[in-house]
Amino acid sequence: TQLSTLFIKKGIEISASADDEYGTRNKFLQESFKRNQTYLHLDDIWYKGATTGSVLLYIRPNGEHYRLHYYSCREFKPYFNIDGDLAQVDLKGEYLRGDERIYTLIRINLATITQWESKIGIDTDTPGLVTDNPYGFLPCVLINNKSNGIGKLGISEFAGMENAIAEHDWLVNQIHSN
């Protein structure tokens, strides 16, 4: 919590590692973060990264502007090419439409963006709504916490204590069951 508070109060700076002489990419990033009010979500992004090990940022076109969405590693599946670069991403989600739960899957690769929606689960063998990927690259940024290699997801801050937490939980359940 202290680190989270520090990041929220001090803020973070995200910049493109490669940019043109006019700073176009950095201007795009700053405008997108301001328009999406990303500072309001930093605490949740930080929490998801620390507890699940990885967060994926997805930049989705929305008319003339872009929306920034973020997913914990339970909500996406990355696919890497032989060089360790992100080659495809599956984004999984669900929402309520009235009383019905709707499941969604968005598959993004270099050529296309495909969307499926279903009430009972996703069947990728059926045709989805396919659109061309206008970028020519994946509009996603994978942020790994303590990544241990190229093409691998990050590690949760609690991974080292996982066995102790499970053992404690089991003991507490045994005490309450007696």
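None of the values given here were measured: they were computed from a predicted structure.

What counts and how
Residues numbered from 1 in each chain as written. Predicted model: local features only at pLDDT ≥ 70, side-chain atom pairs only at ≥ 80, totals over all residues. Heavy atoms only, no water. Helix = DSSP H or I, 4+ residues; strand = E, 2+ residues; numbered from the N terminus. Buried < 20%, exposed > 50% of the residue type's maximum accessible area, 1.4 Å probe, protein only. Pairing = 2+ DSSP bridges. Axes fitted to C-alpha atoms, helices over the stretch in contact; angles between N-to-C directions. Contact = heavy atoms within 4.5 Å. Salt bridge = Lys/Arg side-chain N within 4 Å of Asp/Glu carboxyl O. Core = buried A, V, L, I, M, F, W, Y, C linked by side-chain atoms within 4.5 Å. pLDDT = per-residue confidence, 0-100. Expected span 1.5 Å × (residues − 1). Arc of directions from axis to C-beta.

### Things to note about the overall build of the protein
No. 1: Of the regular secondary structure elements, the protein holds 4 helices and 8 strands.
No. 2: Reading the secondary structure of the protein in the N-to-C direction produces α-α-α-β-β-β-β-β-β-β-β-α.
No. 3: Out of the 178 residues belonging to the protein, those deemed buried represent 28%.

### Let's talk about the sheet that holds strand E1 (residues 54-62)
No. 1: Here 3 strands make up an open sheet; going across it, the order is E2-E1-E8 and the pairing antiparallel. Both outer strands of the open sheet, strand E2 (65-72) and strand E8 (140-144), are each paired with one neighbouring strand and no more. Neighbour-to-neighbour, the strand axes of this sheet turn through a mean angle of 20 degrees, independent of strand direction.
No. 2: Examined bridge by bridge, E1 and E2 share 8 bridges and lie antiparallel to one another. If you follow Pro61 over to E2, its bridge partner there is Tyr66.
No. 3: Where helix H3 (residues 42-52) meets the sheet, it contacts E1 and E2, and its direction lies at approximately 140 degrees from that of E1.

### Looking at the pattern of salt bridges
No. 1: The tally for this structure, following the rule as stated, stands at 4 salt bridges.
No. 2: Glu100 serves as the salt-bridge partner of Lys119, at 3.3 Å between the closest nitrogen and oxygen. Residue Lys119 is found in the loop between strand E6 (112-118) and strand E7 (129-132), and its partner Glu100 is found in strand E5 (residues 100-109); the two are separated by 19 residues along the sequence.

### Overview of the sheet that holds strand E4 (residues 86-97)
No. 1: The strand order across the open sheet formed by 5 strands is E3-E4-E5-E6-E7, and the pairing between neighbours is antiparallel. Each edge of the open sheet carries a strand with a single partner, namely strand E3 (76-80) and E7. For this sheet, the mean angle separating the axes of adjacent strands, direction not counted, is 15 degrees.
No. 2: Bridge count between E3 and E4: 5 bridges; the pairing is antiparallel. What sits directly across from Phe76, in E4, is Leu91.

### Examining H3
An α-helix turns once per 3.6 residues; consequently, residues spaced three or four apart project the same way.
No. 1: Taken residue by residue, H3 has Leu42, Ile45, Lys48, Gly49, Ala50, Thr51 and Thr52 as its buried positions.
No. 2: Gly53, located one to two residues past H3, shows a positive phi value of around 100 degrees.

### Quick word on the nonpolar core
No. 1: Grouped together as the largest cluster of nonpolar side chains are 11 residues: Leu56, Tyr58, Tyr71, Phe76, Val89, Leu91, Ile106, Ile108, Ile113, Leu138 and Cys140.
No. 2: Elements that contribute at least two residues to this core include exactly E1, E4 and E5.
No. 3: Excluding its chain neighbours within four sequence positions, the residues that come into contact with Tyr71 are Ser54, Val55, Leu56, Tyr58, Phe76 and Leu91.
No. 4: Ranked by size, the runner-up nonpolar core spans 8 residues in total, among them Ile45, Ile59, Leu68 and Tyr70.

### A look at the confidence of the model for the protein
Detail in the predicted coordinates should be disregarded across regions flagged by low pLDDT.
No. 1: For the protein, the average pLDDT comes to 77, and 79% of its residues sit at 70 or higher.
No. 2: Mean pLDDT per element in the protein: helix H1 (residues 2-10) is the minimum at 57, and E5 is the maximum at 90.

### Describing the environment of Ile102
No. 1: Mapped onto the elements, Ile102 comes out in strand E5.
No. 2: Residues Ile102 and Ser118, spaced 16 residues apart in sequence, show a C-alpha to C-alpha distance of 5.7 Å.
No. 3: Setting aside residues no more than four positions away along its own chain, Ile102 makes contact with Gly93, Glu94, Tyr95, Arg97, Glu117, Ser118 and Lys119.

### Notes on helix H2 (residues 24-35)
No. 1: Between the first and last C-alpha of H2 there are 16 Å, a value that for 12 residues agrees with the 16 Å anticipated at 1.5 Å per step.
No. 2: Within the sequence span of H2, burial applies to Leu29, Ser32 and Phe33. Projected onto a plane normal to the axis of H2, the buried residues spread over an arc of 95 degrees and lie on a single side. Opposite the buried face of H2, at more than 90 degrees from it, the exposed residues are Lys27, Glu31 and Lys34.
No. 3: Here the buried face of H2 lies against E2.
No. 4: At the C-terminal side of H2, Gln37 shows a positive phi close to 50 degrees.

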